[in-house]
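Chains, contacts and geometry: an overview
The lines below spell out each chain.
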Amino acid sequence: MRCPKCGSENTNIQVINEQVLKTKHHGVLWWLCVGWWWIFVKWIFLTVPALLAAIFVGKRKKIKNVQKKVCVCQNCGNTW
Ligand SMILES: [Zn+2]
């Protein structure tokens, strides 16, 4: 691989594992209408269940491993 920046052939190809968290996001409207009081109610009446729910919801997050190949130039440090 030739470095596109300096033209050097002294390059390494590295495989990088990227972890991507996939979560469902609520829309802005949901937060404006429901989110603020729902969290308020949860924290007052359901503090402990809310914490447990947060842990449970956190475990439901899907972790996706994405393999990325990155070339690193040993000459100028350029990555692409
Ligand atoms: Zn270079």
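Bear in mind the structure is a predicted one, so any value in this text is a computation, not a measurement. (Residues numbered from 1 in each chain as written. Predicted model: local features only at pLDDT ≥ 70, side-chain atom pairs only at ≥ 80, totals over all residues. Heavy atoms only, no water.)

A word on the domain arrangement of the protein
- Split by domain assignment, the protein resolves into domain 1 (1-23 + 61-80) and domain 2 (25-60).
- Centre-to-centre, using C-alpha coordinates, domain 1 lies 38 Å away from domain 2. (Domains from an automatic or database assignment.)

Some remarks on helix α1 (residues 28-45)
- Over its 18 residues, α1 runs 24 Å from end to end, which matches the ideal 26 Å to within 8%, given 1.5 Å per residue.
- At Val34, α1 shows its maximal bend, which comes to roughly 50°. (Helix = DSSP H or I, 4+ residues; strand = E, 2+ residues; numbered from the N terminus. Expected span 1.5 Å × (residues − 1). Bend = angle between axes of the 7 residues up to and from the residue.)

A word on the coordination of the zinc ion
- All of the protein donors around the zinc ion are Cys3 (SG), Cys6 (SG), Cys73 (SG) and Cys76 (SG); their distances to the metal are 2.2 to 2.3 Å.
- Every donor counted, the 4 donor atoms about the zinc ion form angles of 107 to 114° at the centre, which fits tetrahedral coordination.
- All donors of the zinc ion belong to a single chain; written as a sequence motif, their spacing is C-x2-C-x66-C-x2-C. Of the two residues, Cys3 is situated in the segment before β1 (11-22) and Cys76 in the segment after β2 (62-73); the sequence distance between them amounts to 73 residues.
- Cys3 sits in the buried class, given a relative accessible area of 3%. (Donors = N, O, S within 2.8 Å, 3.2 Å for Na, K, Ca; no water. Tetrahedral: all angles 85-135°; square planar, octahedral: opposite > 155°, others 65-115°. Buried < 20%, exposed > 50% of the residue type's maximum accessible area, 1.4 Å probe, protein only.)

Structural notes on the environment of Lys69
- Its place among the elements puts Lys69 in strand β2.
- Judged by its relative accessible area of 67%, Lys69 falls in the exposed class.
- On a C-alpha basis, the gap between Lys69 and His25 in space is 29 Å, while along the polypeptide they are 44 residues apart.
- Beyond its immediate chain neighbours, meaning those up to four positions away, Lys69 contacts Ile13, Gln14, Val15 and Trp80. (Contact = heavy atoms within 4.5 Å.)

Quick look at the pattern of salt bridges
- A complete count under the given rule lists 1 salt bridge for this structure.
- Among the salt bridges present, the one from Glu9 reaches Arg2, with a minimum N-O distance of 3.1 Å. (Salt bridge = Lys/Arg side-chain N within 4 Å of Asp/Glu carboxyl O.)

Things to note about the confidence of the model for the protein
- In the predicted model, the protein carries a mean pLDDT of 80, and 91% of its residues have values of at least 70.
- Here helix α2 (residues 47-59) stands out as the least confident element of the protein, with mean pLDDT 75; β2 is the most confident, with 83. (pLDDT = per-residue confidence, 0-100.)

Some points on the environment of Asn75
- Topologically, Asn75 is positioned in the segment after β2.
- Exposure remark for Asn75: the relative accessible area of 52% places this residue in the exposed category.
- Separated by 54 residues in the primary sequence, Asn75 and Leu21 have C-alpha atoms spaced 34 Å apart.
- When neighbours within four sequence positions are excluded, Asn75 is seen to be in contact with Cys6, Ser8 and Asn10.

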